[in-house]
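Listed here are the chains, written in short residue letters.
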Protein chains: 2
Amino acid sequence: MADKKLVEQITSMDEDFAQWYTDIVKKAELADYSGVRGCMVIRPYGYAIWENIQKNLDAIFKKTGHENVCMPMFIPESLLQKEKDHVEGFAPEVAWVTHGGQEELAERLCVRPTSETLFCDHYSNVIQSYRDLPKLYNQWVSVVRWEKTSRPFLRSVEFLWQEGHTAHATAEEAQEETLRMLNVYADFCRDYLAIPVVMGQKTDKERFAGAKATYTIESLMHDGKALQSGTSHNFGDGFAKAFNIQYSNKDNKLEYVHQTSWGMSTRIIGAIIMVHGDDNGLILPPNIAPVQVVIVPVAMHKPGVLDRANALKEELENAGLRVKIDASDKMPGWKFAEYEMKGVPVRIEIGPRDIENNQCMSARRDNGEKAAISLDGVADSVKALLADIHNNMLAKATKLRDEKTYTATNFDEFTSIAENKPGFIKAMWCGDTECEEAIKDKTAVTSRCIPFEQEHIADTCVHCGKKATKMVYWGKAY
Amino acid sequence: MADKKLVEQITSMDEDFAQWYTDIVKKAELADYSGVRGCMVIRPYGYAIWENIQKNLDAIFKKTGHENVCMPMFIPESLLQKEKDHVEGFAPEVAWVTHGGQEELAERLCVRPTSETLFCDHYSNVIQSYRDLPKLYNQWVSVVRWEKTSRPFLRSVEFLWQEGHTAHATAEEAQEETLRMLNVYADFCRDYLAIPVVMGQKTDKERFAGAKATYTIESLMHDGKALQSGTSHNFGDGFAKAFNIQYSNKDNKLEYVHQTSWGMSTRIIGAIIMVHGDDNGLILPPNIAPVQVVIVPVAMHKPGVLDRANALKEELENAGLRVKIDASDKMPGWKFAEYEMKGVPVRIEIGPRDIENNQCMSARRDNGEKAAISLDGVADSVKALLADIHNNMLAKATKLRDEKTYTATNFDEFTSIAENKPGFIKAMWCGDTECEEAIKDKTAVTSRCIPFEQEHIADTCVHCGKKATKMVYWGKAY
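A quick note: this is a predicted structure, and the numbers were derived from the prediction, not measured. (Residues numbered from 1 in each chain as written. Chains lettered and ligands numbered in written order. Predicted model: local features only at pLDDT ≥ 70, side-chain atom pairs only at ≥ 80, totals over all residues. Heavy atoms only, no water.)

## Focus: the environment of Asp 307 of chain A
If you trace the backbone, Asp 307 of chain A turns up in helix α10 (residues 305–318). Separated by 10 residues in sequence, Asp 307 of chain A and Pro 297 of chain A have C-alpha atoms that sit 9.8 Å apart. (Helix = DSSP H or I, 4+ residues; strand = E, 2+ residues; numbered from the N terminus.)

Written out as structure tokens, the structure is:
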């Protein structure tokens, strides 16, 4: 049904996955390049996806007791340097402001690459007593990291994200919070984005600069590459000591706080594209789709058609759905292709004959299935359809991930999979960073995480043959 | 009733208005200073006010057909320079990024002080035909202007705002949009913030850099100073010519688009403080108050009190109100002072005797009035109370503004008012920029706007005595 002119403009996924991705970003009008190297313009359709992500995630943050704040976008160089590991990790990739107006600054400022140092500085001012704890703060801002290469959403000099920063009285509370928010991310991916993830801990090598432990959710793209989709860090009291964040406990003794941070960014839009999309364009999960249902009136000039279509729109909207009606003079085939490209979950056609039969025709974006739907109780039917689409997308993505998850018991198998079968590789590891680096050097594969769900695949490390301590998910990553 | 310890920490408004303002910002926990000169930390309570402003204003923007986007935070120097007046206005007050990572940049980037140039650059890419118009875009971001002096919310190096940027086929549509959004701001101030404004046009001298016409809403603070609370600009086709933004019209001829921009910022939180506050702290308009009702249980240890208070909270929340219950072990007097400081519109006390009488006691923050409220239909009663508080706050602020609005028919009167009676001065003006500058040099008073509602006060200019062309609102401004 889809108009060839539009569809032919997308490169096929199998032919050139990177070009397919770029084509979708452009043709679905998600983002555009800007005049600034590595910075993108997020267009209305792309931003509406982010707004839906933000709205739902923010509601969960608030339900779990978090409050939003806003820190400055600049960090003085001396403040960035206060925590040794942190500055080493970030200083090489920040943008530096050296002049304000006509004057050269006495101390240069970096544009925040992440805001641990700013939150710590503030916490050292506002935390005095155990009554001030916990502090459960979050902010929705953009951050800047001076990347050499860039791709819209996946890797860019500036990107949008939320960063949670919390301070707790005890190490146990901080660890609970770290895992609570990792679970929030995993549940959010499953329930709102229809993306299954693998949850686990990062190795020391992949740990966040300054963290005691970093946890991650990893998702698998259509091309078999992994994408780190959200991280949650336990800082212990390392930052508290560097920034002197102390509170007096109930016995009036000074103690250091224990901190966490956690973040999810516009990268996740890249994951949505690459987990669900196909050669006709985007396929959006219903829960965050800017338009859940597009109504295309057929034979619009016939009396009553447009009125009935508008009444249908109103009925669906009153049921809480996000609906668009396209009554433009474009050809139906053109419209169909356009909304396929944009990944609208359900298309509804309604024409004179449908109205006669008290029905409309639905077409699902996820599997192309068409069906007649009675106009009686249509809102409930469409809601059920959207729920089914969500479930089907999640099942499909889970199947894809499982099919692309391989097991290697020795390094020959590992190398062969790495070369021929893009996906996750489950393999045992000795726990040595040197061994991990050797694997990367030889295969371009990195450790994605030490999953919470451990399996015993072999007794020895897949690379060095020494005693294995952990099963690790490995993969090539974005 | 209020606890003296808390209240005594605020400087009285009459004694030192600037210190009173700073005290409120700090004691009500709206914002804190950061380690970066001129940049503030917006704390949870302050940010929650901004979130309520954002949520309501954004809904109005969407209802009037606007879409949100996100442009980069950086502007290359060459892009900033494309429109001559614009760069002259902003270049002296921007922050310059000169280094990315370890490298010096070939071209320096400024951190956006406003985003006309970025929107124009994007519009020149995405606008081709009349079918692409109008473009009605908005973004919620922070901007940076290298101010020498700073005060939280009122003037800071970085501040949060929204900036609308639109492109239209005709000059008429652009002018309609400019005034539509000015009206949106004025209505929003009245209906959500209980702030009355004067609407009008800026003089040429006060016009936005690059605009053909700038319109403004001006509000009057408790100390008689004016605050520009929102602006809307008509750019004509000036930017379109500088950035070559052309579309082919229905006759397939190329034409330049006509553009507007409009913005409201976190400055408006400064206006809320200074229009409504008193010597006991903040007084928040109910429609944007993070907490509309605080419930303070009395004699909490008595059986049933806390349960009844919680049931009341739930009932009010189910009616859509934002409610907090304070069941902490602080003394009631302390709690009362704290929520007065934080400007919570309604305090409800409920104790054993109230429960016996099937009632609770309400106290209004705006006028201190107390009353018993029946627990039957309590949600409707509280809603009516909040509506009355809003109306009373608006009436009070309007009365204050009117009382502090003076008329001058000659320059002696003008000078005398400027020296002795802080407020708006209505006076006739010849239309000459030189005359306007002379008035400023002599009295430190600037033109606030040429109001839409013109009055004929005299035939001649209040300063030079030449024929008057306009009645102008003058005042000292933040």
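## As for the interface of chain A and chain B
Across the contact, 50 residues belong to chain A and 50 residues belong to chain B. For the pairing of chain A and chain B, the buried interface totals around 4,100 Å² over both sides, and the portion due to carbon and sulfur atoms is 60%. Taking the shortest distance from any N to any O, the salt bridge between Glu 103 of chain B and Lys 148 of chain A comes out at 2.7 Å. Counting every contact that joins chain A to chain B gives 17 residue pairs in polar contact (both at pLDDT 80 or more). When its residues are assigned to classes, the side of chain A that touches chain B shows 28 nonpolar, 11 polar and 11 charged. As paired elements, strand β5 (residues 95–100) of chain A and strand β5 (residues 95–100) of chain B share five bridges and run antiparallel to each other. Counted as the bridge partner of Gly 100 of chain A is Ala 95 of chain B from β5 of chain B. (Contact = heavy atoms within 4.5 Å. Buried area = accessible area lost by both parts, 1.4 Å probe. Salt bridge = Lys/Arg side-chain N within 4 Å of Asp/Glu carboxyl O. Polar contact = N/O pair within 3.5 Å; in protein donor to acceptor, adjacent residues only side chain to side chain. Nonpolar A, V, L, I, M, F, W, Y, C, P; charged D, E, K, R; others polar. Pairing = 2+ DSSP bridges.)

## Points about the domain arrangement of chain A
All names here are of chain A. Split by domain assignment, chain A resolves into domain 1 (2–276), domain 2 (293–400) and domain 3 (405–475). Summing both sides of the interface, domain 1 and domain 2 together bury roughly 1,600 Å²; the carbon and sulfur share of this comes to 72%. Across the pair Glu 29 and Lys 342 runs a salt bridge whose closest N-O atoms are separated by 3.6 Å. For the pair domain 1 and domain 2, the interface holds two residue pairs in polar contact (both at pLDDT 80 or more). Looking at the side of domain 1 that touches domain 2 residue by residue, the class counts come to 12 nonpolar, three polar and six charged. (Domains from an automatic or database assignment.)

## Digging into the sheet that holds strand β18 (residues 359–364) of chain B
Residues and elements named next belong to chain B. Across the sheet, which stays open at both edges, the five strands sit in the order β16-β15-β17-β18-β19 with mixed pairing between neighbours. In the strand order of this sheet, the two ends are held by β16 (323–325) and β19 (370–374), each with one partner. Ignoring which end each strand starts from, the neighbouring axes of this sheet average 25° apart. With five bridges joining them, strand β15 (residues 293–297) and strand β17 (residues 346–350) adopt parallel strand pairing. The residue bridging Pro 297 from the neighbouring strand is Ile 350, located in β17. Lying over the sheet, helix α10 (residues 305–318) contacts β15, β16 and β17, oriented at roughly 170° with respect to β15. (Axes fitted to C-alpha atoms, helices over the stretch in contact; angles between N-to-C directions.)

## Digging into the side chain of Glu 83 of chain A
Residue and element names in this part refer to chain A. Residue placement: Glu 83 occurs in the loop between α4 (77–80) and α5 (84–90). Buried and without a salt bridge, Glu 83 has Lys 84 as its closest oppositely charged side chain, separated by 7.3 Å. From its side chain, Glu 83 meets the backbone nitrogen of His 86 in a polar contact 2.9 Å long. Excluding its chain neighbours within four sequence positions, the residues that come into contact with Glu 83 are Gly 210, Phe 239, Ala 242 and Phe 243. (Buried < 20%, exposed > 50% of the residue type's maximum accessible area, 1.4 Å probe, protein only. Lys, Arg positive; Asp, Glu negative; His and termini not counted.)

## Some words on the pattern of salt bridges
The full count for this structure, using the stated rule, is 56 salt bridges over all chains. Ionic pairing is found between Glu 455 of chain A and Lys 426 of chain A, a salt bridge with its closest N-O pair at 2.7 Å. Of this pair, Glu 455 of chain A sits in the loop between β22 (446–451) and β23 (470–475) while Lys 426 of chain A is found in strand β21 (residues 424–429), placing the two residues 29 residues apart along the sequence. Using a relative accessible area of 34% as the deciding quantity, one classes Glu 455 of chain A as partly exposed. With relative accessibility at 12%, the residue Lys 426 of chain A sits in the buried group. For the salt bridge of Arg 190 of chain B with Asp 191 of chain B, the shortest nitrogen-to-oxygen distance reads 2.8 Å. Judged by its relative accessible area of 38%, Arg 190 of chain B falls in the partly exposed class.

## Some words on the relation of the copies chain A and chain B
Laying chain A over chain B is done by rotating through 180° and shifting 0.0 Å along the axis; what remains is an RMSD of 0.0 Å. The relationship between the two copies is best expressed as a two-fold rotation axis. For chain A, the residue whose C-alpha comes nearest the rotation axis is Val 97 of chain A, separated from it by 2.1 Å. Counting the interface residues of chain A, we find that 100% of their copies in chain B are interface residues as well, pointing to one common contact surface. (Least-squares fit on C-alpha atoms with pLDDT ≥ 70 in both.)

## Examining the sheet that holds strand β20 (residues 405–407) of chain A
All names here are of chain A. With mixed pairing, 11 strands are arranged side by side in an open sheet as β3-β7-β8-β14-β11-β10-β9-β22-β23-β21-β20. Only two strands of the sheet have a single partner each, and these edge strands are β3 (67–68) and β20. In terms of strand pairing, strand β10 (residues 213–220) meets strand β11 (residues 226–236) through eight bridges, oriented antiparallel. Pairing of Glu 218 across the sheet is with Gln 228, part of β11. Against the sheet, helix α7 (residues 171–192) contacts β7 (135–144), β8 (158–168), β9 (198–201), β10, β11 and β14 (258–265), and its axis sits at roughly 10° relative to β14. Against the sheet, helix α9 (residues 267–276) touches β10, β11 and β14, its axis set at about 145° to β11.

## Thoughts on the state of the cysteines
Scanning the model with the defined rule gives zero disulfides over all chains in all. No disulfide involves Cys 70 of chain A; its nearest neighbouring cysteine sulfur is the one of Cys 39 of chain B, lying 10 Å away. Free of any disulfide, Cys 189 of chain A has its nearest neighbouring cysteine sulfur in Cys 449 of chain A, separated by 13 Å. The class for Cys 189 of chain A is buried, based on a relative accessible area of 1%. (Disulfide = S-S within 2.5 Å.)

## Section: helix α2 (residues 17–27) of chain A
Residue and element names in this part refer to chain A. Buried residues of α2: Phe 17, Trp 20, Tyr 21, Asp 23, Ile 24 and Val 25, and no others. The inward-facing, buried residues of α2 abut β1 (31–33) and α9. Where α2 ends, the next residue or the one after it, Glu 29, has phi of about 60°, a positive value.

## With respect to the packing of aromatic side chains
Applying the stated criterion across every chain yields a total of 36 aromatic pairs over all chains. Plain terms: the ring middles of Phe 159 of chain B and Trp 161 of chain B are 5.8 Å apart, the flat faces sit at 85° to each other, and that makes the pair edge-to-face. Connected via pairs of aromatic rings, a cluster forms that spans Phe 90, Phe 208, Phe 235, Phe 239 and Phe 243 of chain A. Between the NZ or CZ atom of Lys 225 of chain B and the centre of the ring of Tyr 478 of chain B, over which it lies, the distance is 4.8 Å. (Phe/Tyr/Trp six-rings, centres within 6.5 Å; stacked < 30°, edge-to-face > 60°. Lys NZ or Arg CZ within 6 Å of the ring centre and 35° of its normal.)

## Things to note about the layout of surface pockets
Residues and elements named next belong to chain B. Here the second largest pocket is characterised by a volume of approximately 1,200 Å³. Taken together, 43 residues form the lining of the second largest pocket, with Arg 145, Glu 147, Arg 155, Gln 228 and Arg 267 sitting closest to its centre. Within the residue set of the lining of the second largest pocket, elements represented by two or more residues are α5 (84–90), β8 (158–168), β11 (226–236), β14 (258–265), α9 (267–276) and β22 (446–451). Taken together, the residues of the lining of the second largest pocket break down into 14 nonpolar, 15 polar and 14 charged. Per-domain counts for the lining of the second largest pocket show at least three residues from each of domain 1 (2–276) and domain 3 (405–475). (1 Å grid on protein atoms, 1.4 Å probe; cavity = no way out; pocket = protein on both sides within 12 Å on 5 of 7 lines; lining within 4 Å. Points joined across faces, edges and corners; volume = space filled by probe spheres on them.)

## With respect to the confidence of the model for chain A
Averaged over chain A, the pLDDT score is 96; the fraction of residues at 70 or greater is 98%. Note on the complex model: pTM 0.97, ipTM 0.96. (pLDDT = per-residue confidence, 0-100.)

## A few points about the pairing of β5 of chain B
Across the six residues of β5 of chain B, five count as buried, placing the element largely inside the fold. Between β5 of chain B and strand β6 (residues 103–111) of chain B, which pair antiparallel in sequence order, lie two residues; one of them, Gly 101 of chain B, sits at a positive phi of approximately 60°.

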